[in-house]
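# Working through the structure, step by step
So you can see what is in the structure, the chains are spelled out below.
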Amino acid sequence: MSRRPATRTRPARTAAAAAQQAAGVTVRHYCQGIGDCHLLTFKKADGTPFRMLIDCGIHVSIAGGPALVGDIVADIRKETGGKIDILVVTHEHWDHVSGFLTAKDLFKDFVVADVWMAWTENPADAEATELDKFKGQAITALQGVGQKLDGMQGLSSYMAGVRDGLQSVLGFQFGAAGERVRSARDAAAKLSQKPSPTYFEPGGPPVSIDGLPNLRVYVLGPPRDKAALRLEEKASEMFPLASGGPFARALASGLKMNEAADADYVDELSPFERNVGTPLSAALNGDKGSDPAVDIGAYVRKHYSGPVSAVAAMEDRDQSWRRIDADWMGIAADLALQLDRGVNNTSLVLAFEFIDSARVLLFPGDAQIGNWLSWKELKWPVGQGTVTSADLLARTVYLKVAHHGSQNATPQKQGFDLLTSPDLSAFIPTNKVDAVKVHWGEMPYDGILTALETKTKGRVIRADDPWLADKNGKPAFAAPSGSIQAVRSAPRDAARGPGGLWVEVDLA
């Protein structure tokens, strides 16, 4: 049985002290839609602010994204004076780190005391290096497949879906100008005044922060267990990291074979010599082949690539359904899914506990099912008691919803069912219209929205809420309510389009 830390005796407080306690932390969520950036302001024991910035990025698909992030960074500088005590980089995805590269000229004068990252980003960690090797191979292979599919005509509906899915996944790895997400992550790391970032993993004691004696920080993820890193919607649907290497190598070899310019290249698996037959690409372009008695190009058009002449027999008109020349790249879908969700599961997950009230704020990055389920056995000895992950979830009064509210980002039994505080409130960093544009389907997922609305009694804020575009806009719920004491917001500059720039909540 879990127990809270040793019972606390609360001395009588003045009205001023009570008011200060009520505003335990102010969280400013920036509203770029598909992307995360959150500024947390705690009050130190001496009354001065302590600033923690969690991520700063936007998905590459968002029109004008770098300019919008520039506005966000300028606002952060205005609010903080360019002083950040801790910068948290949850994981290596473009929509979480792009700002550190695209707005590097704005960030260069910031003073960042420390940068926190997960163990998965540590170049001195052997397991992180292994994972990084897989990511590099997968990204290279998927980029090659994406480029090849982009140049192909007459794709089947399935392969067109694979192409669109690859574009979405690669949007987490590359910027509009082809910048790699690694460059953005490294730019964030270099902002630290320390020689290197501070890396975290579950299992250690709660983290104490100088100047914030009333705060403990618990690290819940990412897990070390490879099975947890690869787990997505349910146990029967797993895409093992171990299979990623063969997938990537198979795709890379296929691309090399198809693009080989070396006339002496020998494909040992081919049943024919290289000089036998006509390359499919040539036949599709009308090449008649080397045998004057046979028009290879016409044969391929009639029986394979279709459609053909309108006067042809009905059964000859369109045989393109027979095409399989792109199907070998279909395994890219499995590899892309594995890469995307594997990286999301490497998210650094932090729970902030206020010692005197025992209330908790949960920031899970983009953690998906495997990361969440790995918390089940976590426990921390604190004082005379033991704190478990279930205990932290039960005391959570504020949730930054993981992965923009996607279907497989928050589990039911080990997630929502454990969030039992009557004061729970939540924020979802998402824009439904933009999610549809990048083929993400239903995001935020209706089931998650319904569960959140019920558990929070309507205290849910979304980055695309219409009222954020109005400087006098107000949410549908009243404040104070639950853990939220006050709500403020600011609309975007009109040049960036409609919507809010940020929404800010005071949390007790």
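What counts and how
Counting restarts for each chain: residues are numbered from 1 in the order of the written sequence. Predicted model: local features are reported for residues with pLDDT of at least 70 only, side-chain atom pairs are reported and counted for 80 or more only, and whole-chain, interface and lining totals are derived from all residues. As a convention, hydrogens and water are excluded, and side-chain values are obtained from all of the structure's heavy atoms. In DSSP terms, a helix is any run of H or I states spanning at least four residues, a strand is any run of E spanning at least two, and both are numbered starting from the N terminus. For the exposure calls, accessible area comes from a 1.4 Å probe over protein chains only, and a residue counts as buried if that area is under 20% of its type's maximum, exposed if over 50%, partly exposed in between. The contact criterion used is simple: two residues touch if any of their non-hydrogen atoms lie within 4.5 Å. Per-residue accessibility takes into account occlusion by the displayed protein chains alone, with areas from the Shrake-Rupley method and a 1.4 Å probe. Any two of the Phe, Tyr and Trp rings considered here, Trp counted by its six-membered ring, make a pair once their centres fall within 6.5 Å; the pair's planes then place it as stacked at under 30 degrees, edge-to-face at over 60, or tilted in between. Two thresholds decide whether a charge sits over a ring: the Lys NZ or Arg CZ must be within 6 Å of the ring centre and within 35 degrees of the ring normal. Between any two strands, at least two bridges found by DSSP are needed for them to pair. All axes are obtained by fitting lines to C-alpha atoms, using only the stretch in contact for helices, and the reported angles, taken between N-to-C directions, cover 0 to 180 degrees. Salt-bridge detection follows one rule: a side-chain nitrogen of Lys or Arg within 4 Å of a carboxyl oxygen of Asp or Glu. We define a polar contact as two N or O atoms separated by no more than 3.5 Å, with the added condition that, inside protein, one atom must be a possible hydrogen donor and the other a possible acceptor, whereas residues neighbouring each other in sequence contribute only through side-chain atom pairs. Cysteine sulfur pairs qualify as disulfides if the two atoms are within 2.5 Å. Put simply, buried Ala, Val, Leu, Ile, Met, Phe, Trp, Tyr and Cys residues joined by side-chain atoms within 4.5 Å make one nonpolar core.

### A word on the overall build of the chain
Each helix and strand in the chain was counted, giving 17 helices and 17 strands. Buried positions account for 51% of the 508 residues belonging to the chain. Considering only residue pairs separated by 6 or more positions, the chain has 70% of its internal contacts joining residues 24 or more positions apart. Of the accessible surface of the chain, which amounts to about 23,100 Å², a share of 54% is contributed by carbon and sulfur atoms.

### Points about the side chain of Ser 192
Relative to the assigned elements, Ser 192 resides in the loop between helix 8 (181-189) and strand 6 (198-200). Excluding its chain neighbours within four sequence positions, the residues that come into contact with Ser 192 are Val 112, Ala 113, Asp 114 and Val 115.

### A look at helix 8
All of the buried residues in helix 8 are Val 181, Ala 184, Arg 185, Ala 187, Ala 188 and Ala 189. Elements that come into contact with the buried residues of helix 8 comprise strand 4 (83-88), helix 3 (94-97), helix 4 (99-102) and strand 5 (111-118).

### Concerning the packing of aromatic side chains
In total, this model carries eight aromatic pairs according to the counting rule given. Where Trp 116 meets Phe 200, the ring centres are 4.7 Å apart and the plane angle is 55°; that geometry is what we call tilted. Residue Trp 116 is found in strand 5, and its partner Phe 200 is found in strand 6; the two are separated by 84 residues along the sequence. A relative accessible area of 4% means that Trp 116 is categorised as buried. Owing to a relative accessible area of 13%, Phe 200 belongs among the buried residues under this scheme. Counting every residue linked through ring pairs, the aromatic cluster contains Phe 42, Phe 352, Phe 354 and Phe 363. In this arrangement the basic side chain of Arg 28 is found over the ring face of Trp 502, its NZ or CZ atom lying 3.6 Å from the centre.

### Quick word on unusual backbone geometry
Glycine aside, residues mostly have negative phi, and peptide bonds are mostly found in the trans state. Cis geometry marks the peptide bond from Gly 221 to Pro 222; its omega dihedral reads 10°. If you trace the backbone, Pro 222 turns up in the loop between strand 8 (212-221) and helix 9 (226-230). In the segment running from Ala 479 into Pro 480, the intervening peptide bond is cis, with an omega of 5°. Of note, Pro 480 is situated in the loop between strand 15 (460-462) and strand 16 (484-491). For Asp 55, which is not a glycine, the phi torsion comes out positive at approximately 65°.

### Details of the sheet that holds strand 2 (residues 38-43)
Read from one edge to the other, the open sheet built from eight strands follows the order 6-5-4-3-2-1-17-16, with strand pairing classed as mixed. With partners counted over all chains shown, the strands left at the sheet margins are strand 6 and strand 16, one partner each. Looking at each pair of strands side by side, their axes are set apart by 20° on average, direction ignored. Pairing of strand 4 with strand 5, which is carried by five bridges, proceeds in the parallel orientation. Opposite Ile 86, over in strand 5, you have Asp 114 as the bridge partner.

### Section: the environment of His 59
Inspection of the secondary structure assignment puts His 59 in the loop between strand 3 (49-54) and helix 2 (65-80). In this structure, the C-alpha to C-alpha distance between His 59 and Asp 434, residues 375 residues apart in sequence, is 9.5 Å.

### Quick notes on the sheet that holds strand 10 (residues 360-363)
Spatially, seven strands are ordered 7-8-9-10-13-14-15 in an open sheet, and the strand pairing comes out mixed. Single-partner strands in this sheet number two, and they are strand 7 (207-209) and strand 15. On average, each strand axis in the sheet is inclined to that of its neighbour by 20°, with strand direction left out of account. Inspection of the sheet shows strand 10 paired to strand 13 (residues 396-400) by three bridges, in the parallel sense. Bridge pairing links Val 360 to Thr 396 in strand 13. Most of the contacts of helix 17 (residues 446-456) go to strand 14 (residues 425-428), to which it runs at about 150°, and overall it touches strand 13, strand 14 and strand 15.

### Structural notes on the pattern of salt bridges
Enumeration according to the criterion identifies 22 salt bridges in this entry. Put simply, Glu 92 and Arg 182 hold a salt bridge, and the shortest N to O gap is 2.3 Å. On the criterion of sequence distance, the pair formed by Glu 92 in the loop between strand 4 and helix 3 and Arg 182 in helix 8 is long-range, its members being 90 residues apart. Its relative accessible area of 3% is what places Glu 92 among the buried residues. Two residues, Asp 114 and Lys 194, come together in a salt bridge whose shortest N-O distance is 3.3 Å. A residue pair is termed long-range when its members are at least 10 positions apart, and Asp 114 in strand 5 and Lys 194 in the loop between helix 8 and strand 6 qualify at 80 residues.

### Points about the side chain of Asn 344
One can find Asn 344 in helix 13 (residues 331-344). You can call Asn 344 buried: its relative accessible area is 0%. For Asn 344, the side chain forms a polar contact with the side chain of His 93, separated by 3.1 Å. In this structure Asn 344 touches His 91, His 93, Asp 366, Ala 367, Gln 368, Asn 371 and His 403, once residues within four positions along its chain are discounted.

### A word on the state of the cysteines
For the coordinates displayed, the defined rule picks out zero disulfides. The closest cysteine sulfur to the non-disulfide-bonded Cys 56 is located on Cys 37, 3.8 Å from its own sulfur.

### Let's talk about the nonpolar core
Leu 40, Phe 42, Met 52, Trp 116, Ile 209, Phe 352 and Leu 361 are the most contacted members of the largest nonpolar core, which has 37 residues in total. Ranked by residues supplied to this core, first place goes to strand 8 with four residues. Phe 42 has contacts with Gly 24, Val 25, Thr 48, Pro 49, Phe 50, Leu 212, Leu 215, Phe 352 and Phe 354, leaving out every residue within four places of it along the chain. The next biggest cluster of nonpolar side chains, apart from the first, holds 35 residues, and it includes Leu 39, Phe 100, Val 115 and Ala 184.

Without other data, these values stay purely geometric and don't point to any function.
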